[in-house]
Amino acid sequence: MTPVIEVRALQKSFRHQRVLNNLNMTIDGGVVALLGPNGAGKTTLVSILTTLIRPDAGTARVLGHDVVRDASTVRSLVRVTGQATSLDELLTGRENLAMLGKLLGLGRTATNRADELLERLDLAAAGRKAVRTYSGGMRRRLDLAASLIAPAKVLILDEPTTGLDPVSRARVWDDIRQLAIDGTTVLLTTQTLDEAEALADRVTVLHRGGIVADGTVGELTALVGGQSVVLVDTAGSVLERVETDGTRASVAAALERMQRDNGARVELRSPSLEDAFAKLTQIEEVAA
Amino acid sequence: MTTTTTPATGVSTLSSSGVFIRRSLLHSIRDGEGLLMAIALPVMLMLMFTVVFGGAIQGDGRYIDYVVPGIILTCAGFGASSTAVSVSRDMTAGAMLRYRTMPFVASTSIVGHVIASVVRNLVATAVVIGVAFAIGFRPDADLGGWIAALGIVTLWILAVTSVFAVIGLIAGSPEAANGYGFIILFLPYLSSAFVPIETMPDWIAPVAEYQPVTPIIETIRSALVGGEGQPLVSILWCLGIILVALVLAAWRFPRTPVR
Ligand SMILES: Nc1ncnc2c1ncn2[C@@H]1O[C@H](COP(=O)(O)OP(=O)(O)O)[C@@H](O)[C@H]1O
Ligand SMILES: [Mg+2]
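In what follows, the accompanying structure is described.

Parameters at a glance
Residues numbered from 1 in each chain as written. Chains lettered and ligands numbered in written order. Predicted model: local features only at pLDDT ≥ 70, side-chain atom pairs only at ≥ 80, totals over all residues. Heavy atoms only, no water. Pairing = 2+ DSSP bridges. Helix = DSSP H or I, 4+ residues; strand = E, 2+ residues; numbered from the N terminus. Axes fitted to C-alpha atoms, helices over the stretch in contact; angles between N-to-C directions. Donors = N, O, S within 2.8 Å, 3.2 Å for Na, K, Ca; no water. Contact = heavy atoms within 4.5 Å. Buried area = accessible area lost by both parts, 1.4 Å probe. Salt bridge = Lys/Arg side-chain N within 4 Å of Asp/Glu carboxyl O. Polar contact = N/O pair within 3.5 Å; in protein donor to acceptor, adjacent residues only side chain to side chain. Nonpolar A, V, L, I, M, F, W, Y, C, P; charged D, E, K, R; others polar.

For the rest of this paragraph, the subject is the sheet that holds strand β11 (residues 228-232) of chain A. Residues and elements named next belong to chain A. Read across the open sheet, the three strands follow the order β12-β11-β13; overall the sheet is antiparallel. A single partner strand is all that each edge strand has here, and the edge strands are β12 (238-243) and β13 (265-269). Strand after strand, the sheet turns through a mean of 20° between neighbouring axes, direction not considered. Examined bridge by bridge, β11 and β12 share five bridges and lie antiparallel to one another. By the bridge assignment for β12, V229 is matched with V242.

For the rest of this paragraph, the subject is the coordination of the magnesium ion (ligand 2). Distances from the magnesium ion (ligand 2) to its protein donors, T43 of chain A (OG1) and Q83 of chain A (OE1), fall at 1.9 to 2.1 Å. Taken together, the positions of T43 of chain A in helix α1 (residues 42-49) and Q83 of chain A in the loop between β6 (78-81) and α3 (93-103) put the pair 40 residues apart, joining distant regions of the chain.

Let us now look at the interface of chain A and chain B. With 40 residues of chain A at the contact, the number on the chain B side is 31 residues. Regarding the contact of chain A and chain B, the summed buried area is about 3100 Å², with carbon and sulfur atoms giving 61% of it. Our count for the chain A to chain B interface comes out at three salt bridges. For E95 of chain A, the salt bridge is made with R30 of chain B, and the minimal N-O distance between the two is 2.6 Å. Applying the counting criterion to the chain A and chain B interface returns nine residue pairs in polar contact (both at pLDDT 80 or more). Elements with a minimum of two residues in the side of chain A that touches chain B: α1, α2 (71-77), β6, α3, α4 (109-120) and α5 (136-146) of chain A. Broken down by element, the residue count for the side of chain A that touches chain B peaks at five residues, all from α3 of chain A. Along the lines of polarity and charge, the residues of the side of chain A that touches chain B split into 17 nonpolar, 13 polar and 10 charged.

Shown next as structure tokens:
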């Protein structure tokens with residue numbers, strides 16, 4: 001079966017900086033989170049997959065269609081909500097959606113479809129106001145709706161909740177869960193692990209321009225191996241952490257090695273995706 | 001969502017142009033202040049030149065017949081300059097990024113801005129001509145003369161708008177786009193629009209003589225109130241400007257940065 005997204009030996013540099021370095025990735029469907037810190041190259045990969053920029057070398061295909069040679073087919077298969085909002089600020093939310101629907105060939109049904117979508121997202125009232133009056137959260141949600149105005153095979157969301165307050169963030173998560181269930185493959189990029197865990201079936205970790213890990217949330221945590229003994233103070237901050245393989249002897253040895261004892265509590269922790277990520281990217285782990 | 005997953009096939013260049021023309025016209029109507037200025041400024045300019053300066057410039061009272069064609073052309077420059085801002089806003093504020101990921105010709109959004117500008121300017125021109133009649137403009141043109149004059153005016157509006165669209169493509173921000181184009185707004189003052197070239201100093205007369213606004217104004221003037229025009233030179237100037245703008249736009253559009 002043709003993969004939904006297939007990336008082979010992809011390279012992209014900006015001036016002297018190599019951003020994507022021999023990147024390989026295969027996505028067969030479902031909701032996939034592309035996880036990586038700021039500057040990892042997520043938006044660069046999204047821009048290549050959505051035909052906005054060309055790779056220097058390597059290939060990227062969507063349902064077998066090359067993003068460079070067959071860009072127009074890819075444009076009809078993929079919808080994207082970019083990292084920055086891309087709405088028409090002078091038009092209303094409803095006019096924005098209806099216009100994009102017409103541009104995608106929905107014809108007269110575009111307006112109905114816009115109303116239906118606004119209704120589902122509980123944006124019907126906001127839909128009659130000009131976008132320039134919207135809050136950041138509303139803008140983001142309408143931007144998301146704009147990618148769903150017509151059916152697509154692949155939906156790409158570039159950091160859909162970055163910069164949102166917790167309430168708006170939860171609403172966008174609900175929107176994604178509600179809207180992305182009809183067999184559309186979703187690739188979403190994120191910097192946060194809880195977002196990946198909350199939304200995705202699979203997680204792909206991007207670091208230094210390449211994929212360093214790929215699997216389900218469970219598989220990734222398993223990669224990190226055993227449990228660790230941690231010493232936490234009354235406020236819950238980790239004072240000390242010693243890795244173990246989970247056996248009685250190694251836990252006992254770990255406790256033996258711990259120095260501080262002034263009222264701190266001992267916990268046995270299973271590896272979280274956070275740990276997995278830290279390990280995979282060799283980033284200094286912040287106190288959990 | 002619905003169960004159909006047949007992906008969108010997009011629309012033809014003609015259809016997307018139609019959608020974008022509608023969008024830009026909506027922008028024009030929504031931006032009430034901008035529309036008011038596009039009409040009020042030329043009217044004020046005309047009243048100033050005819051009522052305030054008119055008596056001093058030409059005592060016989062027929063200065064209005066001389067100056068109206070120039071006002072109409074100056075007005076085209078005012079109305080077209082906002083095209084640079086609209087195009088730049090699309091290029092820099094993200095909308096174009098989405099269009100470029102969709103299955104239609106993204107540059108048709110610029111066609112929308114250009115056509116809307118032509119429509120706005122023709123409305124402003126009609127108002128200016130109406131006010132001119134009200135204050136004593138009495139051209140002796142027949143229907144053919146009017147058609148010829150409006151044809152040249154429309155061509156000039158299209159040419160000026162194309163230049164402003166290119167400025168919008170090149171400018172780094174809508175504010176910068178707004179700042180450019182001074183020269184175009186200035187051209188009519190350095191032409192035979194307001195005073196005959198013979199009355200200008202020797203060193204400036206050739207500039208006024210060989211810039212596009214002068215032959216175009218002379219042509220409109222001859223079509224409406226008589227005298228000698230240069231229709232062929234005027235049409236060639238306009239088509240030449242449009243061609244250069246198209247070439248520049250076609251070169252620049254694919255090279256605009258993605259972020
Ligand atoms: N157009 C560009 N010109 C120069 N550098 C760029 C450009 N786009 C991205 N970069 C650089 O490439 C790196 C990766 O950027 P990006 O793909 O946006 O990362 P992410 O989306 O993961 O935060 C960054 O260091 C960024 O500065
Ligand atoms: Mg990014």
